[in-house]
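Inside the fold
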Amino acid sequence: REARCTFADIGCQVPLSHANLGSHLEECTQGHLMLLMRAVLDQRDVTQALQTRIADLEAENRELKAAREADKKALEYHKADAAKVLGAITNQVGTIEARVVVAEKKSVQDVKDLKKFHEDGVGKVHKRAEDLEKEAKKRHEVHQQHHSAVVDALKGELAGLKTSLSELRGSGTEAAARAPS
């Protein structure tokens, strides 16, 4: 009956029968040792290559972790900076709105005063009232135009900040997506 050499897995290809297996093992000891030595050297080469690959991957992993941390820090900085800018703009808008309210109240009061002078019917006062009314309307228009311009500018800045904040959030998401798990 046919048999297989114990060293067949490492390269012994001698055809054997069950009866001559023992004598084959005794006669080919040196050849089997050579096959074992070649297998050990091959495994050593593979082990060294794998150790080099592991070291390279570990170094790459350290670099990626450092880059991810740097991206996280940059994102936090930009978020904080955007929050500061947004807070400052919000304060400016509040200040401008308060000034507009004061100006509108003054304009309304000026119009009321002009109407009172007008109702008095006194010639000189009547003329003065007309002049004051015109002046008040002009001031009111100027304040309205100024207010509109300031509000439009602030809306533009706010839209720009929102876009910047969206971009910052987007870059943080991309950095997180690139980072290895």
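Residues numbered from 1 in each chain as written. Predicted model: local features only at pLDDT ≥ 70, side-chain atom pairs only at ≥ 80, totals over all residues. Heavy atoms only, no water.

Considering the overall build of the protein
Worth spelling out the cut-off: For helices the rule is a DSSP run of H or I covering at least 4 residues; for strands it is a run of E covering at least 2, with both sets numbered from the N terminus onward. The cut-offs for exposure are 20% and 50% of the maximum accessible area for each residue type, with area from a 1.4 Å probe on protein chains only; residues under the lower value are buried, those over the upper are exposed, and the others partly exposed. All accessible-area figures derive from a Shrake-Rupley calculation using a 1.4 Å probe, and residue coverage is judged against the displayed protein chains alone.
Looking only at helices and strands, the protein has three helices and two strands in total. The proportion of buried residues among the 181 residues of the protein is 15%. Roughly 13900 Å² of accessible area belongs to the protein as shown, and the carbon and sulfur atoms make up 57% of that amount.

Focus: the side chain of Asp 110
Counted only if it meets this: Here, residues are in contact when the closest pair of their heavy atoms is within 4.5 Å.
In this fold, Asp 110 is placed in helix α2 (residues 29–120). Those residues in contact with Asp 110, other than ones at most four positions away along the chain, are Ala 136 and Arg 139.

With respect to the side chain of His 24
Rule in force here: The term polar contact refers here to a pair of N or O atoms within 3.5 Å; inside protein, the definition further demands a hydrogen-donor-capable atom paired with an acceptor-capable atom, and it admits residues adjacent in sequence only when both atoms are side-chain atoms.
Its place among the elements puts His 24 in helix α1 (residues 21–27). The exposure class assigned to His 24 is buried, which follows from its relative accessible area of 5%. Separated by 3.3 Å, the side chains of His 24 and His 32 make a polar contact.

Structural notes on the pattern of salt bridges
This is how it is decided: In what follows, salt bridge is the name for a side-chain nitrogen of Lys or Arg lying within 4 Å of a carboxyl oxygen of Asp or Glu.
Across all of its chains, the model carries seven salt bridges by this definition. In this structure, Arg 44 engages Asp 45 in a salt bridge whose closest nitrogen and oxygen atoms are separated by 3.6 Å. Owing to a relative accessible area of 40%, Asp 45 belongs among the partly exposed residues under this scheme. The partner of Lys 106 in a salt bridge is Asp 110, with the nearest N and O atoms 3.7 Å apart. Remark: Asp 110 and Lys 106 occur in helix α2; sequence separation between them is four residues, near one turn of the helix. Judged by its relative accessible area of 14%, Asp 110 falls in the buried class.

Focus on the confidence of the model for the protein
As a reminder, the rule being used: A residue's pLDDT is simply how confident the predictor is in it, with values from 0 to 100.
Here the protein averages 87 in pLDDT, while 88% of its residues score no lower than 70. Mean pLDDT values over the elements of the protein span from 78, in helix α3 (residues 123–178), up to 95, in α1.

Notes on the state of the cysteines
Heads up, the rule is: Here, two cysteine sulfur atoms that lie within 2.5 Å of each other are counted as a disulfide.
Under the defined criterion, the tally for this structure stands at zero disulfides. Here Cys 5 is not disulfide-linked; the sulfur of Cys 12 is the nearest cysteine sulfur, at 3.6 Å. Its relative accessible area of 4% is what places Cys 5 among the buried residues. The class of Cys 12 is buried, set by a relative accessible area of 8%.

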